[in-house]
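Observations on the model geometry
Okay, here's what each chain looks like letter by letter:
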Amino acid sequence: METLPEYTLAQLALRNGTDKPEIWVAFRGDIYDVTKSKLWRNGKHYEHWAGQDLTPELDDAPHSEAVFSKFDVIGKVKK
Ligand code: HEM
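These lines cover the structure that appears in this document, whether it is placed above or below. Here the residue numbers are simple positions, counted from 1 along each chain's written sequence. Since the coordinates come from a predicted model, pLDDT governs what is reported: local features require at least 70, and pairs of side-chain atoms require 80 or more to be given and counted, while whole-chain, interface and lining totals use all residues.

**Digging into the sheet that holds strand β2 (residues 24-27)**
- Taking strand neighbours across the sheet as the criterion, the four strands line up as β1-β6-β3-β2 in an open arrangement whose pairing is mixed. Two strands close off the open sheet at either side, each with one partner strand: β1 (6-7) and β2.
- Paired strands are those between which DSSP finds at least two bridges. The helix count covers DSSP runs of H or I at least four residues long, the strand count covers runs of E at least two residues long, and both are numbered beginning at the N terminus. Pairing of strand β3 (residues 30-33) with strand β6 (residues 73-77), which is carried by three bridges, proceeds in the antiparallel orientation. Bridge pairing in β6 links Asp30 to Lys76.

Okay, structure coming up:
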């Protein structure tokens, strides 16, 4: 089985839509690449910002985690 790369929270934070071209969001330890999403343009999604672990914030969303299904997990958050 292929092992995904691990990234620190600091590396994740750089993928916030401002500092680097990639836009990443972490959810339950998995890092998703949402760069292609129009809904995450510039790293902003309603009142939420990319480059972070947004697991606790999903409770504020009007949708379930099913929204992640069309995105690839590109890595894991390094503990
Ligand atoms: C105020 C809170 C939020 C609002 C109003 C909101 C609203 C929306 C809406 C309207 C969509 C379109 C698709 C759908 O409804 O199924 C969507 C997609 C999505 N949301 Fe949220 N959301 C919120 C919070 C969050 C949070 C906290 C996360 C991450 C943990 C998140 C992750 C996503 C993702 C990954 C998509 C898919 C984007 C795409 O398909 O291009 N959302 N959201």
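**Quick notes on unusual backbone geometry**
- Here the phi dihedral of Arg28 falls at roughly 50°; this positive angle occurs in a residue that is not glycine.
- Mapped onto the secondary structure, Arg28 falls in the loop between β2 and β3.
- The exposure class of Arg28 is exposed, given the 11 C-beta atoms found within 10 Å.
- For Asn42, which is not glycine, the phi torsion reads 60° and is therefore positive.
- According to the C-beta neighbour criterion, Asn42 is exposed, with 11 such atoms within 10 Å. For every residue, the other C-beta atoms within 10 Å of its own C-beta are counted; 20 or more classify it as buried, 12 or fewer as exposed, and values in between as partly exposed. C-beta atoms are placed from the backbone.

**Digging into the site of the ligand**
- Inspection of the region around the ligand gives 19 residues, with Ser37, Leu54, Glu57, Ala61 and Val67 positioned closest.
- Gly is put with the polar residues, along with every residue not named as nonpolar or charged; the nonpolar set is Ala, Val, Leu, Ile, Met, Phe, Trp, Tyr, Cys and Pro, and the charged set is Asp, Glu, Lys and Arg. Residue composition of the shell around the ligand, by class: 11 nonpolar, four polar and four charged. Only the C-beta atom, placed from the backbone, is used; a residue is near a molecule or strand if that atom lies within 6 Å of it.

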